[in-house]
Amino acid sequence: MRLGSGAFAASCVVIELLGVAVFLRGFFPVSVRSASRARLLPPAPEPAAGTSSNWTQLPPPLFRKVVIMLVDGLRGDFVFGSKGVEFMPYTTYLIEKGFTHSFIAEAKPPTVTLPRIKALMTGSIPGFIDAVRNFNSPVLLEDNLIGQAKTAGKRIIFYGDDTWIKLFPKHFVEYDGTTSFFVSDFREVDDNITRHLDNVLKREDWDMLILHYLGLDHIGHVTGPHSPLVGPKLKEMDYILKKIHISLLSKEREASLPHLLVLCGDHGMSETGGHGASSVEEVSTPLVLISSAFQRKSGNFQPPKHVQQTDLAATLAVGLGLPIPKNSVGSLLFPVVEGATMREQLRFLHLNSVQLSRLLQENVPMFEKDPGYQQFKESEKLHGNWIKLYLEGNNSEVLLNLGRKVLKQYLNALKTLSMSLSKQVAQYDMYSMMVGTVIVLEVLILLLLSTPKALCQKAEFEIPLSTSLLSLLFFLMLLILSAVHVIICTSAERSCYFCSISWLMAVGVMMLISALLCVILSFLTNTFENVRPPAKNQAASSSSWSGLDLLILFGTLGHVLSLGASSFIEEEHQTWYFLINTLCLALGHEMCRNHFLGKDFDHNLTMEGDFQKDTEKILQYKNDHVDVPEYNKTHKLPSSLELPEGYEKWLGLASPWLILICCRLLRSLNQTGVQWAHRPDFGHWLTSSDHKAALSVLAFLSLVMIFILVQRRCSPVSKVAMALGLLGIYCYRAAFGNVFLPWQRDNKDISKGIIEARFVYVFVLGILFTGTKDLLKSQVISTDVSIKSRGLWEIYSGLVLLAALLLRPHNLPILVFSLLIQAVMAKCIWKPLKHDAAQITIMHYWFGQAFFYFQGNSNNLATLDVSAGFVGLDHYVELPAMFLTAFATYIGPILWAVHLLSFLSSENTSRNSAMGHACFCYAVICSIPVSAYIILVTSLRYHLFIWSVFSPKLLYEGMHLLLTATICVFFTAMDQTNLIKP
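Residues numbered from 1 in each chain as written. Predicted model: local features only at pLDDT ≥ 70, side-chain atom pairs only at ≥ 80, totals over all residues. Heavy atoms only, no water.

If you look the chain up in an unreviewed UniProt entry, it shows as Phosphatidylinositol glycan anchor biosynthesis class G (EMM blood group) from Sarcophilus harrisii. What the UniProt record of the chain gives under Pathway (unreviewed entry) is the line "Glycolipid biosynthesis; glycosylphosphatidylinositol-anchor biosynthesis." Regarding the chain, the UniProt comment filed under Subcellular location (unreviewed entry) reads as follows: "Endoplasmic reticulum membrane". (UniProt positions renumbered as here; feature names shortened; annotations may be inferred.)

What follows deals with the overall build of the chain. A tally of helices and strands in the chain yields 40 helices and 10 strands. Residues counted as buried form 57% of the 982 residues belonging to the chain. Sequence-distant contacts, at least 24 apart, represent 79% of the contacts inside the chain between residues at least 6 apart. (Helix = DSSP H or I, 4+ residues; strand = E, 2+ residues; numbered from the N terminus. Buried < 20%, exposed > 50% of the residue type's maximum accessible area, 1.4 Å probe, protein only. Contact = heavy atoms within 4.5 Å.)

Counted by the stated rule, this structure contains 1 disulfide. Cysteine Cys12 shares no disulfide, and the gap to the nearest cysteine sulfur, in Cys968, comes to 9.7 Å. You can call Cys12 buried: its relative accessible area is 5%. (Disulfide = S-S within 2.5 Å.)

Every regular strand shows the same layout, with side chains that alternate between the two sheet faces. Burial runs high along strand S3 (residues 100-106): 6 of the 7 residues are buried. Where S3 and strand S8 (residues 284-290) come together, 7 bridges link them in antiparallel fashion. Considered in S8, the bridge of Phe103 is made with Leu287. By the bridge criterion, 4 bridges tie S3 to strand S9 (residues 305-308) in an arrangement that is parallel. (Pairing = 2+ DSSP bridges.)

What follows deals with the sheet that holds S8. The strand order S5-S4-S6-S2-S7-S8-S3-S9 describes an open sheet built from 8 strands, whose pairing is mixed. For this open sheet the edge positions go to strand S5 (174-178) and S9, each flanked by a neighbour on one side alone. Neighbouring strand axes in the sheet, compared pairwise and without regard to direction, differ in orientation by 15° on average. (Axes fitted to C-alpha atoms, helices over the stretch in contact; angles between N-to-C directions.)

Evaluated as defined, the whole model comprises 8 cavities of 30 Å³ or more. Here the largest cavity is characterised by a volume of approximately 110 Å³. Along its surface, the largest cavity is lined by 14 residues, and Gln849, Tyr853, Lys953, Glu957 and His960 are the ones closest to its centre. Residue composition of the lining of the largest cavity, by class: 7 nonpolar, 4 polar and 3 charged. The computed volume of the second largest cavity comes to approximately 50 Å³. Elements with a minimum of two residues in the lining of the second largest cavity: helix H35 (812-833) and helix H38 (891-907). The class makeup of the residues in the lining of the second largest cavity is 6 nonpolar, 3 polar and no charged. (1 Å grid on protein atoms, 1.4 Å probe; cavity = no way out; pocket = protein on both sides within 12 Å on 5 of 7 lines; lining within 4 Å. Points joined across faces, edges and corners; volume = space filled by probe spheres on them. Nonpolar A, V, L, I, M, F, W, Y, C, P; charged D, E, K, R; others polar.)

Here we take up the nonpolar core. Core analysis: the biggest nonpolar cluster contains 190 residues, and Phe27, Leu209, Ile244, Ile706, Met825 and Phe847 have the highest contact counts within it. Those residues within four positions of Phe847 in sequence are excluded, and the remaining contacts are Ile580, Leu583, Cys584, Ile659, Cys663, Ile821, Met825 and Trp896. Counting residues in each nonpolar core, the second largest holds 70 residues, with Phe103, Leu120, Leu140 and Val364 among its members. (Core = buried A, V, L, I, M, F, W, Y, C linked by side-chain atoms within 4.5 Å.)

This part is about helix H33 (residues 754-780). For H33, spanning 27 residues, the distance from its first C-alpha to its last is 39 Å, which sits close to the expected 39 Å at 1.5 Å a residue. Elements in contact with the buried residues of H33: helix H32 (716-736), helix H34 (785-806), helix H37 (878-889) and helix H40 (946-974). (Expected span 1.5 Å × (residues − 1).)

We now examine the side chain of Glu590. Here Glu590 shows up in helix H27 (residues 572-602). Notably, Glu590 is buried but unbridged: the nearest opposite-charge side chain belongs to Arg593, and the N-O separation is 4.9 Å. When residues no more than four places from it in sequence are discounted, the contact partners of Glu590 are Leu548, Leu833 and His835. (Lys, Arg positive; Asp, Glu negative; His and termini not counted. Salt bridge = Lys/Arg side-chain N within 4 Å of Asp/Glu carboxyl O.)

Any two side chains of opposite charge can pair, on the condition that their charged atoms come close. Counted under the stated rule, the structure contains 19 salt bridges. Taking the shortest distance from any N to any O, the salt bridge between Asp77 and Arg75 comes out at 2.8 Å. Of the residues examined, Arg75 reaches a relative accessible area of 3% and is grouped as buried. Salt-bridge contacts for Arg203 lead to Glu174; the nearest nitrogen and oxygen are separated by 2.9 Å. One end of the pair, Arg203, is in the loop between helix H10 (197-202) and strand S6 (208-213); the other, Glu174, is in strand S5, with 29 residues separating them in the sequence. Taken together, the shared-partner salt bridges in this structure form one network comprising Arg64, Lys65, Glu204 and Lys251.

Looking at where Tyr853 falls in the secondary structure, it is placed in helix H36 (residues 837-854). Residue class for Tyr853 comes out buried when judged on its relative accessible area of 2%. As for Tyr853 and Gly673, which are separated by 180 residues in sequence, their C-alpha atoms are 8.9 Å apart. Those residues in contact with Tyr853 that lie beyond four places of it in its chain are Glu572, His573, Trp576, Tyr577, Thr672, Ser858, Asn859 and Lys953. Reaching out from Tyr853, the side chain makes a polar contact with the side chain of Glu572 at a distance of 2.9 Å. (Polar contact = N/O pair within 3.5 Å; in protein donor to acceptor, adjacent residues only side chain to side chain.)

Moving on, we come to a nonpolar patch on the surface. Judged by side-chain polarity, Val697, Phe700, Leu701, Val704, Met705 and Ile708 come together as a nonpolar surface patch covering roughly 520 Å² of accessible area. Tracing the sequence through the fold places Met705 in helix H31 (residues 692-710). (Patch = residues over 30% accessible without salt bridge, like charges linked within 9 Å, V, L, I, M, F, W, Y side chains within 5 Å. Areas by Shrake-Rupley, 256 points an atom, 1.4 Å probe, with all protein chains shown as cover.)

We now examine the pairing of S6. Along S6, 6 of the 6 residues are buried, which leaves the element largely enclosed by surrounding structure. Burial along S6 is two-sided: Met208, Ile210 and His212 and Leu209, Leu211 and Tyr213, pointing in opposite directions, are all buried. Note that strand S2 (residues 66-71) and S6 share 6 bridges and pair parallel. When the bridges of S6 are listed, Val71 appears paired with Tyr213.

The next point concerns the packing of helix H16 (residues 371-391) against helix H17 (residues 397-423). Contact geometry for H16 and H17: axes closest at 8 Å, N-to-C directions at 155°. Taken together, the axes of H16 and H17 are roughly antiparallel relative to one another. Like other packed secondary-structure pairs, H16 and H17 cross with a definite hand, here left-handed. Residue composition of the contact of H16 with H17, grouped by class: 13 nonpolar, 9 polar and 3 charged. (Parallel < 35°, antiparallel > 145°, perpendicular 65-115°, else oblique. Left-handed = near helix turned anticlockwise from the far one by under 90°.)

Below, the discussion takes up the packing of aromatic side chains. Under the counting rule described, the total for this entry stands at 31 aromatic pairs. Geometrically, the ring pair formed by Phe474 and Phe475 is edge-to-face, given 5.3 Å between the ring centres and 80° between the ring planes. The class for Phe474 is buried, based on a relative accessible area of 3%. By relative accessible area, Phe475 is classed as partly exposed at 47%. (Phe/Tyr/Trp six-rings, centres within 6.5 Å; stacked < 30°, edge-to-face > 60°.)

A few words on the packing of helix H25 (residues 547-562) against H36. One can describe the packing of H25 onto H36 by two numbers: an axis separation of 11 Å at closest approach and a directional angle of 45°. Classed by the angle they form, the pair H25 and H36 counts as oblique. Read as a crossing pair, H25 and H36 show a hand that is left-handed. In this structure, H25 contributes Leu548, Asp549, Leu551, Ile552, Gly555 and Thr556 to the contact, and H36 contributes Gln839, Ile842, Met843 and Trp846. Among the residues making up the contact of H25 with H36, the classes are represented as 6 nonpolar, 3 polar and 1 charged.

Right, let's get into the environment of Gly123. For Gly123, the location among the structural elements is in the loop between helix H5 (113-122) and helix H6 (130-133). For Gly123, a relative accessible area of 0% puts it in the buried group. In contact with Gly123, not counting residues within four places along its chain, are Lys118, Thr310, Ala313, Asn327, Ser328, Val329 and Gly330.

Let us now look at unusual backbone geometry. Of note, the phi angle at Lys834 is positive, near 55°, even though the residue is not glycine. Note that Lys834 resides in the loop between H35 and H36. Residue class for Lys834 comes out partly exposed when judged on its relative accessible area of 30%.

Let us look at the confidence of the model for the chain. Summing up the model confidence of the chain, the mean pLDDT is 84 and the portion of residues at 70 or higher is 85%. Overall, residues 536-543 carries pLDDT values under 50, and its contacts beyond four positions in sequence, including any with other chains, amount to 2 contacts. (pLDDT = per-residue confidence, 0-100.)

Printed below as a string of structure tokens:
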């Protein structure tokens, strides 16, 4: 079967995407789980040495009603810092006067809502892949506090983030949910909760009330943690807490037990307003427990102690008289039970220790040697001695001292057990990881082996698929892999994902691995058989590498090697900035050599003759081996010996330096990474409320420049649509309150801008429809290349308009500079220097990666701008929101890839195979870092920063590969030479 280079590359990337998906499924581990399937386990009896205790049931509850007030995105310093003193006076008063037990609860990454709710209610540490599931929450089947309360007959009411309703669909007697993803809403999401409070606080028909406020998190996403909107929102939360607390106090006179009010956050927010990573601001959340049962502490106010967020589940279970969730790795917050009797305190700690020791036994083979387990056994033995003395009626000082010693032993054992279980989270599915790695490496080897034939002038080659599938080696490999699969799946102590799929799917994957191996061996055989000693006159040309080729090679290898260091991953933007700056210097050197050497040749006939001969040889070699874009006849190219006249010469010489200046300006717009992310940048200056006029002027000028740079190749109808669309974008930002309109001088008319954004969407779809129509027409009239070129530019223009809508106003200059750099490089560099399709493709790829970071993105989930997914939406719609978020994140790579396709289509005739070469190079340049990074994270899976640094980067690489597969398929569809031939 014969395939074009583009079709072959697209097929390889799609297969590689399958391998990465299997690897990701095995890499992201499942949290430690109890092997017992029983929902409710009988409580452990009270230990007693030589006697039998009559306390075999759970202790009675400590609180009658519990109210959990969860404020999404509430940072620790918002309560315990200067903002808390200024904007939350009532909460600060309760803390300082000793009416609370206050803590800083540490949230484990990923710091997004879904896994944090799971941690709070189950006490377990959710898997990292829950960051992806955060957009579509499944039902929580794991043992949890809400389920235990419902089983015990507790009546639970919930108002707030509908993630809770998805996790616990049949647990609430009354609920009202609001979507957490419509981040443009700062007030209605909270007002929808507060409007129920007056009514529900008067009633007695509930035992638990859960409130999840979202407004503060939304403010952080859109305007950042230092926005002037944060203070009023904190005041609002403080007023609500005061109302709830006063209401609970008024009811305690009639109740036999006190009530408990919990103020907490699910996660914090970074200095840019996002969350998802592991910075101190993101993982530090306040945990304030308020109750009249707590003894008022005298003395100076002490800073809150640091605890784990998972400790809340065990504490609330004890406070409500419920079993501790069996998968909980948290330990009881002992200050909450300090007011109980000594026997009750020991009973609480013993139940928590038994639950953790059971979990340790079921997840750690050598649990007897664990220090925490040994401490627990010693504590249990001492506890039994204390119970014996207690039941004998001994009330001496010995009993009190022994009780204190047992308490201390239990607390140490709980701390050690909790730490041991937390370390067990990283349990990898190595079988699935190995299967995925093998597929990815086979695809990479196949791409590298096929490079010489894929980049030849014909850009097509024979794939020995039929002979490979019928070979004896294929069936032998399939038999071996099936045997290995059976052995692993029948002997593995833990469940493997690849073992859980159906046999039909497993056999299909094994057939794919076997077929790829056979094709690789066939390629190797043909390569060695066709090796011939090169002729003397061809040796020099075939072995010559230009300086640009060497830069591309070593730059790619250097980037791959840099992925092995956590610091280079955190600051990967510096790598790409260095590479494009070096590329500009290399292009500047090449431009100077091209122009000034040509001048010397005009004055040296001998040298001119020699150069002409060398030029003929190089051009002959490129015709035989390397693709050089064949430019349209309408564009007259200077020969290698002719100088561009007038301004064209100096514009060409100045273009690399102009690009360098643009890149330097873009670097100052957004600080990203980790080390310097806290430093002020021009973007922060523009987004401050004091500089709204400057932002308005900059946004207006940027939109005008976008129109000037894009409209030059658009049809008249598309020009009008582009102009109206850009005008609509400015009106949308003005309606949202980001910029000024001449007739709008205050914030009275600020809205969500839904109508304006939908107005822009109409023009985006219209331009995309026009481009699609031209592309379909070009498939019928294949001789007219201009139709396809115009259609691709229309598609590109529509995507530029969509990007301008989704980018934040201060980032619009990034889009302007991107368009400007593309225009300069197309006119002044790629055409005069006659770079081949492979070189142009890699330059597009490098600049696309650099612009990904110019936007302010990083390998940190906290920089993901989810607000872009809700532009023009009045409620959460999953597919459009996910598409818009992904497009807004990868605007740089997408626009540069589409520009590559448009440029090659406009500058080449239909006989040329540049598109196939570009598609193949794009696939190779993306596959090399993905394959290397999979090997790196496998070898570094027990690294200290595996979850905070390496894992988020792995998710970004997986998403980037999905984007690459989509681009390669689009390239293949546009290249009519990529036809499959039997």
